[in-house]
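# A closer look at the structure
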Amino acid sequence: MVGAGFAGVGCVRRLERRLAADEADVTLVTPFAYQLYLPLLPQVASGVLTPQSIALSLRRSSKYRTRIIPGGAIGVDLAAKVCVIRTITDEIVNERYDYLVLAPGSITRTFDIPGLTDHAYGMKTLAEAAYIRDHVISQLDLADASHDPDERAARLQFVVVGGGYAGTETAACLQQLTHNAVKRYPRLDPALIKWHLIDIAPKLMPELGDKLGKDAQEILRRRGIEISLGVSIAKAGPEEVTFTDGRVIPTRTLIWTAGVVASPLIGTLGEKTVRGRLAVSPELSLAGQDGVFALGDAAAVPDLAKPDEDAICPPTAQHAMRQAKVAADNLIATLRNQTLRPYEHKDLGLVVDLGGTDAVSKPLGVELKGLPAQFVARGYHWSALRTNVAKVRVLTNWTLNAIAGDDFVRTGFQHRKPARLKDFEYTDAYLTPEQLQEHVTAAEGRG
């Protein structure tokens, strides 16, 4: 098994429950021995939740028998049935398999925009969320200490790119953080704090529908967030960002959340892809490869619930968790020479937590906003957490934050060191198909 996200961990845990101990050995390849609950990252960045509360340990319980290899899969040779792994000690090893489940997830989608990877921050990992919190609070500190009015104004402007769920929730939660924190800075004018949320699409979170989408925009605009649609970034610098409509925004904070693409691991397979994701059957199996399954963000899983025959499931946690059960059951069915079943789903709806009492939700098609929507959003996230320990931690954090608020403490994480998009996702670690073939052939020769 490759990947410890919603798809990978869900599949592993189901295999452990349904396979006899002598029926198979299960191995999980992941650089971190925890499952990250990604939808709550904005709440870590804003200080509502602690980082540990959404990092669910894979080693906490002794009842699980899966072997965990700490490292990242950087190539797969399907013909030789070899997964090439770069361990956390930077050693490259070959791991042979009989059955392979690929759930390597996704990375932040970037474009060839001058300065983007050098100056933008991401919101895809726990480290990035923790760093952004420190960075945003430090901008208030630095603005408070500055004697230059232009520098002070620039440090208090923040730009978030991406009008999907991640970008919208990030802008909303961080705006609330600065709104509450600036009250502790008597020398700073709250009117100087400006948040910009931009997206090249014509609508914010179009999946919500027109009414809820407009409700979300109204909530954000009422809180002072400037929303610009049909706009993206033309170039990014260390002290300013240029929009495609010509505006130049002096800022030290550019947060990029404009979508995701499949893990570069998929490119090492040499197999058919759909929109960059590995093409699989409705049963989540890879055509022409016996015993290879793929799911989650990296797989183009046909969406049988939609009439369009070319429709594929979006890369969401909701799909990944449900695909995990089907993938595990189909792998077991393959082992036991049984019939595989296709992945089909019913949409449970959408939830968007905008911080505080603000939210919009659409559970089972019912449109909600305000406190009822917040109750549904947090209830959904809370119930989706895999362990009781995580549920207690998150509920405790929510309660404590609601009662006591935030202390606006920054830890000094990566103080004065770069921590931009290019520094967190290690996209240069993967092998090319040629390097993969050369490595596997050489290893076989030595063996």
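Residues numbered from 1 in each chain as written. Predicted model: local features only at pLDDT ≥ 70, side-chain atom pairs only at ≥ 80, totals over all residues. Heavy atoms only, no water.

With an unreviewed UniProt entry as reference, the protein chain is termed Oxidoreductase, source organism Streptomyces davaonensis.

### Re the nonpolar core
Soluble globular proteins tend to pack their nonpolar side chains together in the buried interior. Stated formally: To qualify as a nonpolar core, a set must consist of buried Ala, Val, Leu, Ile, Met, Phe, Trp, Tyr and Cys residues joined through side-chain atoms within 4.5 Å. Accessibility here uses a 1.4 Å probe with only protein chains present; expressed as a share of the type maximum, an area under 20% marks a residue as buried, one over 50% as exposed, and anything in between as partly exposed. Domain segmentation is taken from an automatic or database assignment of domains. Here, residues are in contact when the closest pair of their heavy atoms is within 4.5 Å.
Ranked by internal contacts, the top residues of the largest apolar core, which has 108 residues, are Ile54, Val76 and Leu102. Residues lining this core come from more than one domain, with at least three contributed by each of domain 1 (6–108 + 261–347 + 424–445) and domain 2 (116–258 + 349–404). Residues contacting Leu102, with those up to four places away along its chain left out, are Val2, Val76, Leu265, Leu269, Leu278, Val292, Phe293, Ala294 and Leu295. Core analysis: the next-biggest nonpolar cluster, separate from the first, contains 16 residues, Ile198, Ala236, Phe243 and Trp256 among them.

### Topic: the packing of helix α4 (residues 126–145) against helix α6 (residues 165–181)
Packed helices, taken two at a time, are described by the angle between their axes plus the distance between the axes. This is how it is decided: Every angle, taken between N-to-C directions, lies between 0 and 180 degrees, and every axis is a line fitted to C-alpha atoms, over only the stretch in contact when it is a helix. Helix numbers and strand numbers start at the N terminus; a helix is a DSSP run of H or I with at least 4 residues, a strand a run of E with at least 2. Handedness of a crossing follows from how the near helix is turned relative to the far one, being left-handed for an anticlockwise turn of less than a right angle and right-handed for a clockwise one. Three categories are distinguished: nonpolar for Ala, Val, Leu, Ile, Met, Phe, Trp, Tyr, Cys and Pro, charged for Asp, Glu, Lys and Arg, and polar for the others, with Gly belonging to the last.
At a closest axis distance of 11 Å, the pairing of α4 and α6 adopts a crossing angle of 35°. By crossing handedness, the relation of α4 to α6 is classed as right-handed. Packed against α4, whose contacting residues are Ile132, Arg133, Val136, Ile137 and Leu140, the element α6 presents Leu174, Leu177, Thr178 and Ala181 at the interface. The residue makeup of the contact of α4 with α6, split by class, is 7 nonpolar, 1 polar and 1 charged.

### Quick look at the sheet that holds strand β9 (residues 157–161)
Where we set the bar: At least two DSSP bridges between two strands are required for those strands to pair.
The sheet built from 4 strands is open, its strands ordered β11-β10-β9-β15 with parallel pairing. Taken across any chain shown, the strands that pair with only one partner, and hence form the sheet edges, are β11 (225–229) and β15 (253–256). Strand-to-strand twist across the sheet, computed as the mean angle between neighbouring axes with direction ignored, equals 20°. Relative to β15, β9 is paired through 4 bridges, and the arrangement is parallel. By the bridge assignment, Val160 is partnered in β15 with Ile255. Along the sheet face, α6 touches β9, β10 (194–199), β11 and β15 and points at about 180° away from the line of β10.

### Some words on the domain arrangement of the protein chain
Defined as follows: By convention in these notes, a salt bridge is any Lys or Arg side-chain nitrogen within 4 Å of a carboxyl oxygen on Asp or Glu. Identification of polar contacts relies on pairs of N or O atoms within 3.5 Å, with a donor-acceptor requirement for protein atoms, meaning one able to donate a hydrogen and the other able to accept it, and with residues adjacent in sequence counted only if both atoms are side-chain atoms.
According to the domain assignment, the protein chain consists of domain 1 (6–108 + 261–347 + 424–445) and domain 2 (116–258 + 349–404). In this structure, domain 1 and domain 2 have C-alpha centres spaced 30 Å apart. The interface of domain 1 with domain 2 comprises 37 residues on the first partner and 32 residues on the second. Here domain 1 and domain 2 share 0 salt bridges between them. Counting across the interface, domain 1 meets domain 2 through 10 residue pairs in polar contact (both at pLDDT 80 or more). Those elements that provide at least two residues to the side of domain 1 that touches domain 2 are α1 (6–18), β2 (34–36), α2 (41–45), β3 (55–57), β8 (106–108) and α8 (317–335). Broken down by element, the side of domain 1 that touches domain 2 gets its largest block of residues, 5 residues, from α2. Classifying every residue of the side of domain 1 that touches domain 2 gives 22 nonpolar, 11 polar and 4 charged.

### Section: the packing of α1 against α8
Contact pair α1 / α8: the axes reach a minimum separation of 8 Å and the direction vectors enclose 35°. Relative to α8, the crossing made by α1 is right-handed. Listed contacts from α8 to Phe6, Ala7, Gly10, Cys11, Arg14, Leu15 and Arg18 of α1 are Ala317, Ala320, Met321, Ala324, Lys325, Ala327, Ala328, Asp329, Leu331 and Ile332. Residue classes in the contact of α1 with α8 are distributed as 12 nonpolar, 1 polar and 4 charged.

### Brief notes about helix α10 (residues 388–404)
Stated formally: Expected span of a helix, by definition, is 1.5 Å for each gap between consecutive residues, and there is one gap fewer than residues. Here the arc refers to the set of directions running from the helix axis out to each C-beta atom.
Taking 1.5 Å of rise per residue, 17 residues should cover 24 Å, and α10 covers 24 Å from first to last C-alpha, within 8% of that figure. Listing the buried residues of α10 in full gives Ala390, Lys391, Val394, Asn397 and Trp398. End-on, the buried residues of α10 take up no more than an arc of 135°, which puts them together on one face. Exposed side chains of α10 directed beyond 90 degrees from the buried face belong to Asn388, Val392, Leu400, Ile403 and Ala404.

### Observations concerning the pattern of salt bridges
According to the stated counting rule, one finds 20 salt bridges in the structure shown. Between Arg336 and Glu23 there is a salt bridge, and its shortest N-O distance comes to 2.8 Å. Here Arg336, found in the loop between α8 and β21 (349–353), pairs with Glu23, found in the loop between α1 and β1 (27–30); they are 313 residues apart in sequence, far enough to count as distant. A relative accessible area of 30% places Glu23 in the partly exposed class. Between Arg223 and Asp358 there is a salt bridge, with the nearest N and O atoms lying 2.9 Å from each other. Pair noted here: Arg223 is in the loop between α7 (210–222) and β11 and Asp358 is in the loop between β21 and β22 (359–363), with a separation of 135 residues, a long-range link. Residue class for Asp358 comes out buried when judged on its relative accessible area of 17%. When salt bridges that share partners are traced, they join Arg14, Arg18, Asp329 and Arg341 into one network.

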